[in-house]
Amino acid sequence: MHLSKKCSVFKVVLSALLIVALLQLIYLSFLSKFHGKQQRYRYSELFGASGTKKNAHPEKNSRKERLRYSLSTGGIFDHSGQYRVYKNLIKSDFTNNLKPGSEPSSNILALATHTTINNLHHLESLLERWQNPLSVAIFAHGQDVKFATALVYALSFFCPHIQALVDFHLVCLSGETASFPEQDREHFAGLEDCASVFSRLETHRDKYQNYAISGNISYPNNLLRNVARGGAESTYILVIDMDMMPSADLHQQFVTMLMKREPESDEVFVLPAFEIRHARKMPSSKAELVQLYQVGEVRPFYEELCPRCQAPTNYSQWVNSHVRGANSLEVAYTLTWVDPWEPFYIGPSTVPLYDESFKQYGFNRISQACELHVAGYKFSVLSSAFVVHRGFKIQGEFHAKKDEENKRNRVLFRSFKEGLKVKYPSSTRRC
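Quick summary incoming for the structure in this document. (Residues numbered from 1 in each chain as written. Predicted model: local features only at pLDDT ≥ 70, side-chain atom pairs only at ≥ 80, totals over all residues. Heavy atoms only, no water.)

### Quick word on the layout of surface pockets
Right, so step 1: In this structure, the second largest pocket spans a volume of roughly 300 Å³.
Right, so step 2: What lines the second largest pocket is a set of 14 residues, and nearest its centre among them are His79, Leu223, Asn226, Val227 and Glu356.
Right, so step 3: The set of elements that each furnish at least two residues to the lining of the second largest pocket consists of β1 (76–77), β2 (83–90) and α8 (221–230).
Right, so step 4: If you tally residues by element for the lining of the second largest pocket, the top one is α8, at 4 residues. (1 Å grid on protein atoms, 1.4 Å probe; cavity = no way out; pocket = protein on both sides within 12 Å on 5 of 7 lines; lining within 4 Å. Points joined across faces, edges and corners; volume = space filled by probe spheres on them. Helix = DSSP H or I, 4+ residues; strand = E, 2+ residues; numbered from the N terminus.)

### Concerning the pattern of salt bridges
Right, so step 1: Tallied over the full model, the rule gives 13 salt bridges.
Right, so step 2: For the salt bridge of Glu304 with Arg299, the shortest nitrogen-to-oxygen distance reads 3.5 Å.
Right, so step 3: In this structure Glu304 comes out as partly exposed when scored by relative accessible area, which is 37%.
Right, so step 4: In this structure, a network of salt bridges that share partners links the residues Lys64, Glu65 and Arg68. (Salt bridge = Lys/Arg side-chain N within 4 Å of Asp/Glu carboxyl O. Buried < 20%, exposed > 50% of the residue type's maximum accessible area, 1.4 Å probe, protein only.)

### Observations regarding the packing of aromatic side chains
Right, so step 1: Summed over the entire model, instances satisfying the criterion amount to 18 aromatic pairs.
Right, so step 2: Their ring planes at 85° and their centres at 5.9 Å tell us that Phe274 and Tyr293 sit as a pair that is edge-to-face. On the criterion of sequence distance, the pair formed by Phe274 in strand β9 (residues 273–276) and Tyr293 in helix α10 (residues 286–294) is long-range, its members being 19 residues apart.
Right, so step 3: On the basis of relative accessible area, Phe274 is assigned to the buried category, the value being 0%.
Right, so step 4: Owing to a relative accessible area of 25%, Tyr293 belongs among the partly exposed residues under this scheme.
Right, so step 5: Ring pairing ties together the aromatic residues Phe274, Tyr293, Tyr315, Trp318 and Phe386, which thus form one cluster.
Right, so step 6: When the ring centre of Phe180 is taken as reference, the NZ or CZ atom of Arg68 above it lies at 4.2 Å.
Right, so step 7: One cation-aromatic arrangement involves Arg299 over Phe392; the distance from NZ or CZ to the ring centre is 4.1 Å. (Phe/Tyr/Trp six-rings, centres within 6.5 Å; stacked < 30°, edge-to-face > 60°. Lys NZ or Arg CZ within 6 Å of the ring centre and 35° of its normal.)

### Points about the state of the cysteines
Right, so step 1: Enumeration according to the criterion identifies 3 disulfides in this entry.
Right, so step 2: When the cysteines engaged in disulfides are numbered in sequence order, the protein chain pairs them as 1-2, 3-4, 5-6. (Disulfide = S-S within 2.5 Å.)

### Notes on the nonpolar core
Right, so step 1: Among the nonpolar cores identified, the biggest contains 121 residues, and Leu120, Leu123, Leu155, Phe168 and Ile346 are the most heavily contacted of them.
Right, so step 2: A total of 11 residues in this core trace back to one element, the largest contributor, which is helix α5 (residues 143–158).
Right, so step 3: Those residues in contact with Leu120 that sit more than four places away from it in its chain are Thr115, Val136, Ile138, Val152, Leu155, Phe198, Leu201 and Met242. (Core = buried A, V, L, I, M, F, W, Y, C linked by side-chain atoms within 4.5 Å. Contact = heavy atoms within 4.5 Å.)

### As for the packing of α5 against helix α7 (residues 194–202)
Right, so step 1: For the pair α5 and α7, interaxial distance at closest approach is 9 Å and the crossing angle is 155°. The pairing of α5 with α7 is recorded here as roughly antiparallel in orientation. Note on packing geometry: the crossing formed by α5 with α7 is left-handed. Residues Phe147, Leu151, Ala154, Leu155 and Phe158 of α5 pack against Cys194, Val197, Phe198, Arg200 and Leu201 of α7.
Right, so step 2: Its residues placed into classes, the contact of α5 with α7 shows 9 nonpolar, no polar and 1 charged. (Axes fitted to C-alpha atoms, helices over the stretch in contact; angles between N-to-C directions. Parallel < 35°, antiparallel > 145°, perpendicular 65-115°, else oblique. Left-handed = near helix turned anticlockwise from the far one by under 90°. Nonpolar A, V, L, I, M, F, W, Y, C, P; charged D, E, K, R; others polar.)

### Here we look at empty space enclosed by the protein
Right, so step 1: The full count for this structure, using the stated rule, is 2 cavities of 30 Å³ or more.
Right, so step 2: If you add up the space inside the largest cavity, you get close to 130 Å³.
Right, so step 3: Taken together, 14 residues form the lining of the largest cavity, with Val239, Pro343, Tyr345, Tyr354 and Gln368 sitting closest to its centre.
Right, so step 4: Of all the elements in the fold, those that place two or more residues in the lining of the largest cavity are α8, β6 (236–239), β12 (344–348) and α12 (366–374).
Right, so step 5: For the lining of the largest cavity, the leading source of residues is β12, giving 4 residues.
Right, so step 6: Looking at the lining of the largest cavity, its residues break down into 9 nonpolar, 2 polar and 3 charged.
Right, so step 7: Taken as a whole, the second largest cavity holds about 60 Å³ of empty space.
Right, so step 8: Taken together, 13 residues line the second largest cavity, and the ones lying closest to its centre are Thr95, Pro133, Asp167, Ala232 and Glu233.
Right, so step 9: Elements with a contribution of two residues or more to the lining of the second largest cavity: α3 (93–96), β3 (109–116) and β4 (134–139).
Right, so step 10: Taken together, the residues of the lining of the second largest cavity break down into 7 nonpolar, 4 polar and 2 charged.

### Describing the packing of α12 against helix α13 (residues 402–423)
Right, so step 1: At a minimum axis distance of 11 Å, the contact between α12 and α13 shows a crossing angle of 25°. Considering the angle they form, α12 stands roughly parallel to α13. For the element pair α12 and α13, the recorded crossing hand is right-handed. The segment α12 lies against α13, with Ile366, Ser367, Cys370, Glu371 and Val374 engaging Phe413, Phe416, Lys417, Leu420 and Lys423.
Right, so step 2: Residues of the contact of α12 with α13, tallied by class, amount to 6 nonpolar, 1 polar and 3 charged.

### Some remarks on the environment of Ala287
Right, so step 1: Within the fold, Ala287 resides in helix α10.
Right, so step 2: Between the C-alpha atoms of Ala287 and Val319, which are 32 residues apart in sequence, the distance is 9.3 Å.

### Some details on the sheet that holds strand β7 (residues 244–246)
Sheet strands pair via backbone hydrogen bonds, and the direction of the pair is either parallel or antiparallel.
Right, so step 1: Reading across the sheet, the 4 strands line up as β7-β14-β9-β10 and stay open at both edges, with mixed pairing between neighbours. Of all strands in the sheet, those with a lone pairing partner are β7 and β10 (298–300), marking the two edges. On average, each strand axis in the sheet is tilted by 30° relative to the strand beside it, whichever way the strands run.
Right, so step 2: Judged from the 4 bridges that link them, β9 and strand β14 (residues 387–390) form a sheet pairing that is parallel. Along β14, the bridge assignment pairs Phe274 with Val388.
Right, so step 3: Its contacts with the sheet place α10 against β9, β10 and β14, and it is angled at close to 90° to β10. (Pairing = 2+ DSSP bridges.)

Given below as structure tokens:
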């Protein structure tokens with residue numbers, strides 16, 4: 001009798017477990033079908049597949065058509081014929097709303113930057129800090145061309161703040177072409193909102209260094225800078241790398257300064273450049289930055305690798321210069337360029353372009369600063385604005401061919417300087 005009761009209890013427990021397992025299977029099956037249906041709905045939203053209501057999302061459908069048109073042009077070749085450029089692959093709402101030929105007061109300053117797909121995740125924090133028009137030139141190679149096209153489209157689709165302000169441009173090798181990502185469903189699996197798109201970009205984080213692209217491909221940094229600059233329809237432009245951050249409220253402070261002070265046509269405005277330990281939070285104000293600077297958590301950009309490259313900024317004078325107010329911006333002092341200074345600056349859109357012969361590591365920015373000097377520009381250092389690079393630049397963390405590329409670009413730089421004598425025959429300045 002006792003044994004019979006035990007058997008009955010065992011049967012009840014076993015039956016209950018079987019019922020629970022069956023319910024779990026039904027639930028998982030339901031979730032799978034629901035997720036699949038949700039993904040199909042998302043995919044139909046992205047690409048306007050058959051079965052969706054016509055004109056359900058006219059603004060998103062027009063975005064899709066604009067992308068399709070941009071890709072259908074096949075892009076244009078750069079001057080060397082080595083690269084294909086898709087300018088304005090996706091235009092921001094800000095740019096789309098500009099009238100042709102207009103120079104609205106709201107478009108005084110834009111930010112231009114460049115990257116590969118592995119650093120595009122920085123865009124989220126950069127735009128959060130900048131909060132104004134931003135032009136991004138992306139270099140992609142091989143399978144990353146499809147991935148970059150798909151993820152840029154997803155960013156514009158799922159992230160309203162990005163669609164509002166960010167213009168995307170794509171550069172690839174001349175033998176490669178970008179195509180509408182309608183058939184690349186694997187790139188969109190799991191994408192449901194803006195956060196999920198950036199999570200996907202995080203999976204490509206640090207896939208390779210910009211200068212160590214697979215297949216021995218050269219990173220055309222100066223071409224990318226020019227493409228990003230050309231896509232920024234503003235009176236003044238700040239060009240920085242994607243892994244750098246400007247000081248907070250820079251846009252508004254600069255616009256306010258221009259209202260009080262008429263800039264000279266041959267003047268650029270220098271932002272002292274720093275680098276910060278990876279673990280530290282990016283400073284937003286000069287006061288925060290100076291505190292970190294004084295305890296060694298922030299230091300001049302390239303201090304370990306090339307201290308002479310930024311030393312002319314005169315960091316001691318800048319750190320100790322008085323700032324009239326928390327939101328005040330003015331020229332602290334003016335400098336004449338000296339070799340080998342390569343400052344980051346806000347300049348008019350008319351300043352000379354970067355020389356696109358320079359690729360990979362070395363002399364790509366200094367060549368342009370050198371030309372500004374020969375062309376007669378002066379360098380006015382701003383009192384409280386700055387840019388900060390994420391992480392300390394240290395020896396041993398660069399790609400294997402850094403020194404070889406630097407040596408090759410040094411020879412190119414000598415030739416470039418000789419060319420400036422011909423380009424500016426009346427200038428007495430040399431570099």
